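Read off the chains here:
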Amino acid sequence: ETVQTCLEAVKKASRPVLIYGWGVHLANAEAEARELARLLNVPVAMTWAALDLLPYDDPLAIGGFGTHGVRYANFAVQNADLIISVGSRLDTKATGSPPSTFAREAKIIMLDIDPAEIKKFERLGRTVDLGINVDARIFLRAMIRHARGQRFPSFAAWTQRIRDWKSRYPACLPEY
């Protein structure tokens, strides 16, 4: 039921972003994370510790976000209408400060093995719409199993907007 709720949220979104963090590595779920992104066709932002999950030039890779990230990735996360965070504790290096301003228009689905990481947002002034306390690999495999055979929007306009930001605000200017 929880997995189907997540998949329905993706279908209703127009600007979704998957956030992958170190917990994906800890769960040995790298392949599952990539497979889910492709099945849903949703852009992926990664925390600093998870930047190796997708190559820089992967069409779904937004890149690193937060204080250690790039401008275009922060634009994508901040302008998303749905965030599904897997294995990231979404600390202030990722959310900025105050956390209440993080992804201001987004519904947030946060998966973390530590329930305290999900609950912390109650006192920080940011709502987590659906907190899921489970191992990343278990969740990703369930999402993949249920997503197969379902149809999801293309999100073409959204991914093009992110590509435009990526070209306008590169991490390194071409002359360098």
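Throughout, residues of each chain are indexed from 1 in the direction in which the sequence is written. With pLDDT at 70 or above as the cut-off, local features in this predicted model cover only qualifying residues; side-chain atom pairs require 80 or more to be listed or tallied, and sums for whole chains, interfaces and linings still use all residues. To get the side-chain values, take all heavy atoms of the structure and skip hydrogens and water.

### Things to note about the nonpolar core
So, step 1. Within this scheme, the nonpolar core is defined by two criteria: the residues are buried Ala, Val, Leu, Ile, Met, Phe, Trp, Tyr or Cys, and they are joined through side-chain atoms within 4.5 Å. A 1.4 Å probe rolled over the protein chains alone gives each residue an accessible area, and that area as a share of the maximum for its type sets the label: buried under 20%, exposed over 50%, partly exposed in between. Counting residues in each nonpolar core, the largest one holds 63 residues, and the members touching the most others are Val17, Ile19, Tyr20, Leu40, Phe65, Ile83 and Val86.
So, step 2. Helix numbers and strand numbers start at the N terminus; a helix is a DSSP run of H or I with at least 4 residues, a strand a run of E with at least 2. Per element, the largest residue contribution to this core is 7 residues, and it comes from helix H7 (residues 136–147).
So, step 3. Those residues in contact with Phe65 that lie beyond four places of it in its chain are Ile19, Ala45, Met46, Thr47, Ala73, Asn74, Val77, Leu90, Ala94 and Phe102. Contacts were defined at the residue level, with two residues in contact if any of their heavy atoms lie within 4.5 Å.

### Looking at the environment of Val24
So, step 1. Mapped onto the elements of the fold, Val24 is located in helix H2 (residues 22–26).
So, step 2. Given the relative accessible area of 0%, Val24 is considered buried.
So, step 3. In sequence terms Val24 and Gly87 are 63 residues apart; their C-alpha atoms lie 5.4 Å from each other.
So, step 4. For Val24, the contacting residues outside a window of four places in its chain are Ala29, Glu30, Ala33, Leu53, Val86, Gly87 and Ala136.

### Details of the packing of aromatic side chains
Aromatic ring pairs are defined here through the distance separating the ring centres and the angle between the ring planes.
So, step 1. Between 30 and 60 degrees the pair is tilted, below 30 it is stacked and above 60 it is edge-to-face, where a pair is any two Phe, Tyr or Trp rings, Trp via its six-membered ring, whose centres lie within 6.5 Å. Taken as a whole and judged by the stated rule, the model has 3 aromatic pairs.
So, step 2. Where Phe75 meets Trp165, the ring centres are 5.5 Å apart and the plane angle is 65°; that geometry is what we call edge-to-face. Taken together, the positions of Phe75 in helix H4 (residues 71–78) and Trp165 in helix H8 (residues 156–168) put the pair 90 residues apart, joining distant regions of the chain.
So, step 3. We classify Phe75 as partly exposed; its relative accessible area is 25%.
So, step 4. By relative accessible area, which is 8% here, Trp165 ends up buried.
So, step 5. Ring geometry for Trp158 against Trp165: centres 6.0 Å apart, planes inclined by 90°, an arrangement best described as edge-to-face. Considered together, Trp158 and Trp165 belong to a single accessibility category, that of buried residues.

### Structural notes on the sheet that holds strand S4 (residues 82–86)
So, step 1. Read from one edge to the other, the open sheet built from 6 strands follows the order S3-S2-S1-S4-S5-S6, with strand pairing classed as parallel. Either end of the sheet is taken by a strand with one partner, and the two such strands are strand S3 (61–64) and strand S6 (130–132). Averaged over all pairs of adjacent strands, the angle between strand axes in this sheet comes to 15°, irrespective of strand direction.
So, step 2. Any two strands between which DSSP finds at least two bridges are classified as paired. One ladder, built from 5 bridges, connects strand S1 (residues 16–20) with S4; its direction is parallel. Considered in S4, the bridge of Pro16 is made with Leu82.
So, step 3. Only the stretch in contact is used when a helix axis is fitted, and all axes are lines through C-alpha atoms; the angle between N-to-C directions ranges over 0 to 180 degrees. Across the sheet, H4 touches S1, strand S2 (44–46), S3 and S4, and the angle it forms with S3 is around 110°.
So, step 4. The strands that H7 touches are S1, S4, strand S5 (107–111) and S6; relative to S4, the one it contacts most, it runs at about 130°.

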